[in-house]
Amino acid sequence: MKPITIYTDGACKGNPGPGGWGVLLRFGEHVKELKGGEPLTTNNRMELMAVIQALRALKEPCRITFYLDSEYVRKGITEWIEGWKAKGWRTASKQPVKNADLWQTLDALVAQSGHSIDWRWVKGHAGDPGNERADALANEGVPIPP
């Protein structure tokens with residue numbers, strides 16, 4: 001499997017408000033950048049969307065090292081999701097899981113992709129070049145209100 005390094009980030013101007021997501025993919029010397037956004041969303045939805053769009057961009061199973069500054073996404077996919085599924089997409093306090101639509105999409109992408117994924121947290125806004133670029137892309141993806 002090809003080794004791919006991916007940095008993702010989300011941004012929101014207001015929470016909720018207009019938001020964007022950014023992705024930086026690296027395979028050897030090859031670099032691909034992705035960005036997008038929505039007019040009314042939340043930061044957590046954009047963090048999730050960045051990871052979803054990164055996975056959608058890959059056309060074959062890869063060995064991925066994901067770097068994200070969102071513990072919500074990292075812990076959600078590595079620790080919490082199995083419990084949510086077992087409880088019918090409810091939290092431990094029996095509340096509906098926020099952003100369940102995106103969590104379900106992400107879960108399906110991970111399960112069906114054949115990727116080997118190492119989920120790593122990186123401190124945001126701390127000078128990591130990959131995280132800084134993903135952050136810039138996320139901010140570029142925020143739609144400008146008319």
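For the structure, see preceding data.
What counts and how
By convention here, each chain's residues receive numbers from 1 onward along its written sequence. Predicted model: local features are reported for residues with pLDDT of at least 70 only, side-chain atom pairs are reported and counted for 80 or more only, and whole-chain, interface and lining totals are derived from all residues. Neither water nor hydrogens contribute to the side-chain values; these are computed over all heavy atoms in the structure. Between Lys or Arg on one side and Asp or Glu on the other, a salt bridge is scored when a side-chain nitrogen of the former is within 4 Å of a carboxyl oxygen of the latter. Labels follow the DSSP assignment, with helices taken as runs of H or I lasting at least four residues and strands as runs of E lasting at least two, numbered in each case from the N terminus. Exposure is judged per residue with a 1.4 Å probe applied to protein chains only, and the accessible area is read against the type maximum: over 50% gives exposed, under 20% gives buried, and values in between give partly exposed. We call two residues in contact whenever any of their non-hydrogen atoms come within 4.5 Å of each other. Expected helix span is taken as 1.5 Å per residue step, with the number of steps being one fewer than the number of residues. All axes are obtained by fitting lines to C-alpha atoms, using only the stretch in contact for helices, and the reported angles, taken between N-to-C directions, cover 0 to 180 degrees. Comment on the angle field: the value is read as roughly parallel under 35 degrees, roughly antiparallel over 145, roughly perpendicular from 65 to 115, and oblique elsewhere. Rotating anticlockwise by less than a right angle from the far helix to the near helix defines a left-handed crossing, while the corresponding clockwise rotation defines a right-handed one. Only Asp, Glu, Lys and Arg are considered charged in this grouping, and only Ala, Val, Leu, Ile, Met, Phe, Trp, Tyr, Cys and Pro are considered nonpolar; every other residue, Gly among them, is considered polar.

Student: Would you take a moment to explain the pattern of salt bridges for this structure?
Tutor: Across all of its chains, the model carries nine salt bridges by this definition. The salt bridge partner of Glu140 is Lys35, with a shortest N-O separation of 2.7 Å. With a gap of 105 residues between them, Glu140 in helix α4 (residues 129-141) and Lys35 in strand β3 (residues 30-41) connect regions that are remote in the sequence. The exposure class assigned to Lys35 is partly exposed, which follows from its relative accessible area of 45%.

Student: What is the right way to read the side chain of Thr65 from this model?
Tutor: Counting through the fold element by element, Thr65 comes out in strand β4 (residues 62-68). If we skip the residues at most four places from it in the chain, Thr65 touches Ile4, Thr5, Ile6, Asp118 and Arg120.

Student: Could you clarify how one ought to interpret helix α3 (residues 100-113) in this entry?
Tutor: One turn of an α-helix holds 3.6 residues; hence residues three or four places apart share an orientation. Taking 1.5 Å per residue as the helical rise, α3 with its 14 residues ought to reach 20 Å, and the 20 Å between its terminal C-alpha atoms agrees with that figure. The complete set of buried residues in α3 reads Ala100, Leu102, Trp103, Leu106, Asp107 and Ser113. Buried-residue contacts for α3 involve α1 (43-57) and α2 (71-86). Once α3 ends, the next one or two residues include Gly114, with phi positive near 80°.

Student: Honestly, the packing of α1 against α3 in this entry has me stumped. Any pointers?
Tutor: The packing of two helices is summarised by the inter-axis angle and the distance between the axes. At their nearest, the axes of α1 and α3 sit 10 Å apart, and the two run at 25° to each other. Of the possible angle classes, the one that applies to α1 and α3 is roughly parallel. Viewed along their axes, α1 and α3 form a crossing whose handedness is left-handed. Across the interface between the two elements, Arg45, Leu48, Met49, Val51, Ile52, Leu55 and Arg56 of α1 pack against Asp101, Leu102, Trp103, Thr105, Leu106, Leu109 and Val110 of α3. Looking at the contact of α1 with α3, its residues break down into 10 nonpolar, one polar and three charged.

Student: Help me out: how do you make sense of the environment of Asp9 in this one?
Tutor: Position of Asp9 among the secondary structure elements: in strand β1 (residues 2-12). The spatial distance from the C-alpha of Asp9 to the C-alpha of Ala50 is 6.2 Å, given a sequence separation of 41 residues. The contacts of Asp9, once residues within four sequence positions are left out, are Gly20, Trp21, Gly22, Met46, Glu47, Ala50, Asp69, Ala134, Asp135 and Ala138.

Student: How do you make sense of α1 when you look at a structure like this?
Tutor: In this model α1 runs 21 Å from its N-terminal to its C-terminal C-alpha over 15 residues, within 8% of the 21 Å that 1.5 Å per residue would give. For α1, every residue scored as buried is listed here: Met46, Glu47, Leu48, Met49, Ala50, Val51, Ile52, Ala54 and Leu55.

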